[in-house]
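# Structural description and commentary
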Amino acid sequence: QVQLVESGGGLVQAGGSLRLSCAASGRTFSSYAMNWFRQAPGKEREFVAGISWNGGTLYYADYVKGRFTISRDNVKNTVYLQMNSLKPEDTAIYYCAAGRRLVASLEAMDYWGKGTLVTVSS
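Residues numbered from 1 in each chain as written. Predicted model: local features only at pLDDT ≥ 70, side-chain atom pairs only at ≥ 80, totals over all residues. Heavy atoms only, no water.

### What to know about the overall build of the protein chain
Under the convention used in this document: In DSSP terms, a helix is any run of H or I states spanning at least four residues, a strand is any run of E spanning at least two, and both are numbered starting from the N terminus. Only the C-alpha atoms count toward the radius of gyration. The rule for a globule is 2.2 Å times the residue count to the power 0.38. Working definition: with a 1.4 Å probe on protein chains only, accessible area under 20% of the residue-type maximum means buried, over 50% means exposed, and in between means partly exposed. In this analysis, two residues are considered to be in contact whenever any of their non-hydrogen atoms come within 4.5 Å of each other. All tallies of charge rest on Lys and Arg as positive and Asp and Glu as negative; His and the ends of each chain are not included. To locate a charge, the coordinates of NZ of Lys, CZ of Arg, CG of Asp or CD of Glu are taken.
Looking only at helices and strands, one finds zero helices and 11 strands in the protein chain. Scanning the protein chain from its N terminus toward the C terminus, one meets helices and strands in the order β-β-β-β-β-β-β-β-β-β-β. In terms of overall size, the protein chain behaves like a compact globule, its C-alpha atoms giving a radius of gyration of 13 Å where 122 residues would be expected to give roughly 14 Å. Based on the C-alpha atoms only, the size of the protein chain along its principal axes is roughly 40 × 25 × 25 Å. When burial is assessed residue by residue, the protein chain has 45% of its 122 residues classed as buried. Within the protein chain, contacts between residues separated by at least 24 positions form 57% of all contacts whose residues are at least 6 apart in sequence. Across the protein chain, 13 positive and 9 negative side-chain charges occur, with their mean positions spaced 6 Å apart.

### Points about the pairing of strand 11 (residues 116-121)
Formally: In this analysis, strands are considered paired if DSSP registers two or more bridges between them.
Here strand 11 shows a clear split, with T116, V118 and V120 buried on one side and none of L117, T119 and S121 buried on the other. Pairing of strand 2 (residues 10-13) with strand 11, which is carried by four bridges, proceeds in the parallel orientation. Bridge assignment links L11 to a residue of strand 11, and that residue is T119. Bridging between strand 9 (residues 92-99) and strand 11 involves three bridges; their strand directions are antiparallel. What sits directly across from A92, in strand 11, is V118.

### A look at the sheet that holds strand 7 (residues 68-73)
Operational definition: For helices, the fitted axis covers only the stretch in contact; all axes are lines through C-alpha atoms, and the angles between them, taken along N-to-C directions, range from 0 to 180 degrees.
Reading across from one edge, 1-3-8-7 is the order of the four strands in this open sheet, with antiparallel pairing throughout. Either end of the sheet is taken by a strand with one partner, and the two such strands are strand 1 (3-7) and strand 7. Ignoring which end each strand starts from, the neighbouring axes of this sheet average 15° apart.

### Points about the pattern of salt bridges
Put simply, the rule reads: For salt bridges, the criterion is a side-chain nitrogen of Lys or Arg within 4 Å of an Asp or Glu carboxyl oxygen.
If you walk through the whole model with that rule in mind, you get four salt bridges. The closest approach of N and O atoms between D90 and R38, which form a salt bridge, is 2.9 Å. Placement of the pair is D90 in the loop between strand 8 (78-83) and strand 9 and R38 in strand 4 (residues 33-39), with a sequence separation of 52 residues. Here D90 matches R38 in class, with each residue buried.

### Here we look at the environment of D110
Its location among the elements puts D110 in the loop between strand 9 and strand 10 (111-112). Its relative accessible area of 40% is what places D110 among the partly exposed residues. C-alpha separation for the pair D110 and Y32, spaced 78 residues apart in sequence, amounts to 9.3 Å. Residues within four places of D110 in sequence aside, it is in contact with Y32, A98, G99 and R100.

### Quick look at the pairing of strand 8
In terms of burial, strand 8 is largely enclosed, as five of its six residues are buried. Bridge count between strand 3 (residues 18-25) and strand 8: six bridges; the pairing is antiparallel. Bridge assignment links A23 to a residue of strand 8, and that residue is T78. As defined by bridge partners, strand 7 adjoins strand 8 across six bridges and the pair is classed as antiparallel. Bridge pairing links R72 to V79 in strand 8. Counting the residues that bridge the hairpin from strand 7 to strand 8 gives four residues, and of these N77 lies at a positive phi of roughly 55°.

What follows is the structure in structure tokens.
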């Protein structure tokens, strides 16, 4: 069992930065691929970024590539999402999720956090 708790969301102006954190409980954190998804008001949840269990493989959705960076610390049981050059269209609830496979699929995730709200003002 893995429990995930996101933090770091808030209100930021366009062009600004935020760093999200996702703290995981449980001894098996390092065996999971970790991902960030987001859901904007009235829209479906979508993939943002993913990282393999050892941090060796990273991948990003095209709409955040070059602006967002995912990383993880398996000692601290935490995954991060550094978000730079934020745009109003990045406004959403951001969720971290753990899965056994590194795939950009909601259905492949085994555990979800409750999310943290990011609001980007224009």
